[in-house]
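A structural walkthrough
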Amino acid sequence: MTITLQMFQADAFSSTAFGGNPAAVCLVPASLKETLVDAVCQSIAAEMNLSETAFVFSDSDSFVEEHTFGLRWFTPTKEVDLCGHATLATAAVLSLKAGCQAETITFKTLSGDLRVKRVGDETFQMDLPINAPQPLNDKQREQHAALLDYVTKGFGIVDIQHSARTRKLVIHANLTRDELEGLCFDTEKMMALHTTDQTRGVIITSNKATHDNGFDFISRYFAPWNGIPEDPVTGSAHTVLFPYWRKFINGKGSGNNNSNDEQTVFKARQCSKRGGNLSLTSNSSIEDERLLITAEAFVILEGKIHI
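Conventions adopted
- Residues numbered from 1 in each chain as written.
- Predicted model: local features only at pLDDT ≥ 70, side-chain atom pairs only at ≥ 80, totals over all residues.
- Heavy atoms only, no water.
- Helix = DSSP H or I, 4+ residues; strand = E, 2+ residues; numbered from the N terminus.
- Rg over C-alpha atoms; globule rule 2.2 N^0.38 Å.
- Buried < 20%, exposed > 50% of the residue type's maximum accessible area, 1.4 Å probe, protein only.
- Contact = heavy atoms within 4.5 Å.
- Lys, Arg positive; Asp, Glu negative; His and termini not counted.
- Charge placed at Lys NZ, Arg CZ, Asp CG, Glu CD.
- Salt bridge = Lys/Arg side-chain N within 4 Å of Asp/Glu carboxyl O.
- Phe/Tyr/Trp six-rings, centres within 6.5 Å; stacked < 30°, edge-to-face > 60°.
- Core = buried A, V, L, I, M, F, W, Y, C linked by side-chain atoms within 4.5 Å.
- Patch = residues over 30% accessible without salt bridge, like charges linked within 9 Å, V, L, I, M, F, W, Y side chains within 5 Å.
- Areas by Shrake-Rupley, 256 points an atom, 1.4 Å probe, with all protein chains shown as cover.
- Pairing = 2+ DSSP bridges.
- Right-handed = clockwise from strand over helix to strand, strands pointing away.
- Expected span 1.5 Å × (residues − 1).

Attention now moves to the overall build of the protein. When its secondary structure is counted, the protein shows seven helices and 17 strands. The globule rule puts the C-alpha radius of gyration for 307 residues at 19 Å, and the 19 Å found for the protein is close to it. With respect to the principal axes defined by its C-alpha atoms, the protein has extents near 60 × 45 × 35 Å. A buried classification covers 54% of the 307 residues belonging to the protein. Long-range contacts, defined here as pairs at least 24 residues apart, represent 66% of the contacts in the protein between residues at least 6 apart. Between the centroid of the 28 positive side chains of the protein and the centroid of its 37 negative side chains there is a distance of 3 Å.

Set out below in structure tokens:
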């Protein structure tokens, strides 16, 4: 029996077509929920061949009146615990194409409840967990030595940290935007140089002369271990970058020790070929602080998939 599902593609972190980070979004009504087993989701993601395909599950056969949905993310090779750009893309599809009336949509995910609020015609604010990185210990430095020797060859390093929860390595480099955009890596070699499961992605970030372009920091993100040589714009990477740069800019990294002058809103640019801009702040909660990312999304394609 052939099953038909609604399928969309949205460019997250972009107000126009062909920018930001594309994600496929598959709408799964309650009547087909049992059909979309892991293997089927993975096959669809491989067929779409984007960095992420999101599957949004409704508790009814309508997406109009619901405000809470299940959400899962698959790369072409595996399921992942968190994907910011595909979450943003999903909220855009639900609000702009599926007729969802909720101002704030809640997604039930492997990373807990994620909320996305519509704050403009095609502008949304995502609520994501904060994943502060930590300095590498001696064992981690040894495990990452070969990878770091390759990736950092030819430029100065300010700091290296690691987020265990997201399995992302953060390299604070002394690079201008042009220099960062000019980096080129053999991602197959990156995978060969680091084979443990504790790191699945590498972030290279800088704030050298970024204020000249209106940004507090810039970055690129490579995740060949997840089947993504380079991700164009990455929400989950900024759950790591936001706490790192907030501490660096407001702390000893900038020489600013006056809490009254602390910066709370940060403008970021991910410098892939497609690229995208993000506005970052937090909900300021002491007990359950969350990252708030405000960005746009553009739905570029809609159709049906038959399986």
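Picking up where we left off.
By the definition in use, this model includes 13 salt bridges. Between Asp-11 and Arg-274 there is a salt bridge, with the nearest N and O atoms lying 3.2 Å from each other. Taken as a pair, Asp-11 in strand S1 (residues 4-12) and Arg-274 in the loop between strand S15 (266-270) and strand S16 (276-282) lie far apart in primary sequence, 263 residues in all. Between Arg-177 and Glu-181 there is a salt bridge whose closest N-O contact spans 2.9 Å. Linking Arg-177 with Glu-181, this pair stays in helix H5 (residues 177-181), spanning four residues, or about one helical turn. Taking relative accessible area as the criterion, Arg-177 reaches 22% and is therefore assigned partly exposed. Here Glu-181 falls in the partly exposed class, since its relative accessible area comes to 35%.

Tallied over the full model, the rule gives nine aromatic pairs. Judged by centre distance (5.9 Å) and plane angle (15°), the ring pair of Phe-63 and Phe-69 falls under stacked. With a centroid separation of 5.7 Å and an interplanar angle of 85°, the aromatic rings of Phe-242 and Phe-266 are classed as edge-to-face. Of the two residues, Phe-242 is situated in helix H7 (residues 235-250) and Phe-266 in strand S15; the sequence distance between them amounts to 24 residues. This pair shows no difference in class: Phe-242 is buried, exactly as Phe-266 is. Among the aromatic side chains, those forming a connected cluster through ring pairs are Phe-217, Tyr-244, Trp-245 and Phe-248.

Attention now moves to the nonpolar core. The biggest cluster of nonpolar side chains holds 57 residues, and the ones touching the most others in it are Phe-13, Leu-27, Val-56, Trp-73, Leu-94, Phe-107 and Leu-280. Counting 21 residues, the second largest nonpolar core, distinct from the first, contains Leu-136, Ile-204, Phe-215 and Trp-225.

What follows covers a nonpolar patch on the surface. Side chains of Phe-18, Ile-300 and Leu-301 sit close together on the surface and give an oily, nonpolar patch of about 310 Å² of accessible area. Examined against the element boundaries, Ile-300 turns out to sit in strand S17 (residues 290-306).

The subject of this paragraph is the environment of Asn-49. Considering the arrangement of structural elements, one finds Asn-49 in the loop between helix H1 (38-48) and strand S3 (53-57). Judged by relative accessible area, Asn-49 falls into the exposed class, the value being 56%. Spatially, the C-alpha atom of Asn-49 lies 15 Å from that of Ala-39, the residues being ten residues apart in sequence.

Within the chain, Phe-18 stands out as a residue other than glycine whose phi angle is a positive 75°. Under the relative-accessibility criterion, Phe-18 is labelled exposed at 67%. A positive phi angle, near 55°, is found at Asn-49, a position not held by glycine.

This part covers the pairing of S3. Strand residues, when the strand is regular, have side chains that alternate between the two faces of the sheet. Where burial is concerned, most of S3 is hidden: five out of the five residues are buried. Residues Thr-53, Phe-55 and Phe-57 point to one face of S3 and Ala-54 and Val-56 to the other, with burial holding for every one of them. Pairing of strand S2 (residues 21-28) with S3 involves five bridges; the strand directions are parallel. Residue Cys-26 lies in a different strand from S3, and its bridge partner there is Phe-55. This β-α-β element, S2 to H1 to S3, shows right-handed connectivity. Of the pairings in the sheet, the one linking S3 to strand S4 (residues 68-74) comprises five bridges and is antiparallel in character. Across the sheet, the residue bridging to Phe-55 is Arg-72, located in S4.

Owing to its 3.6 residues per turn, the α-helix aligns residues three or four sequence positions apart on the same side. A rise of 1.5 Å per residue sets the reference length of helix H2 (residues 84-96), with its 13 residues, at 18 Å; its end C-alpha atoms lie 18 Å apart and thus fit the reference within 8%. Among the 13 residues in H2, twelve count as buried, and that is most of the element. Every buried residue of H2 is accounted for by Gly-84, His-85, Ala-86, Thr-87, Leu-88, Ala-89, Thr-90, Ala-91, Ala-92, Val-93, Leu-94 and Ser-95.

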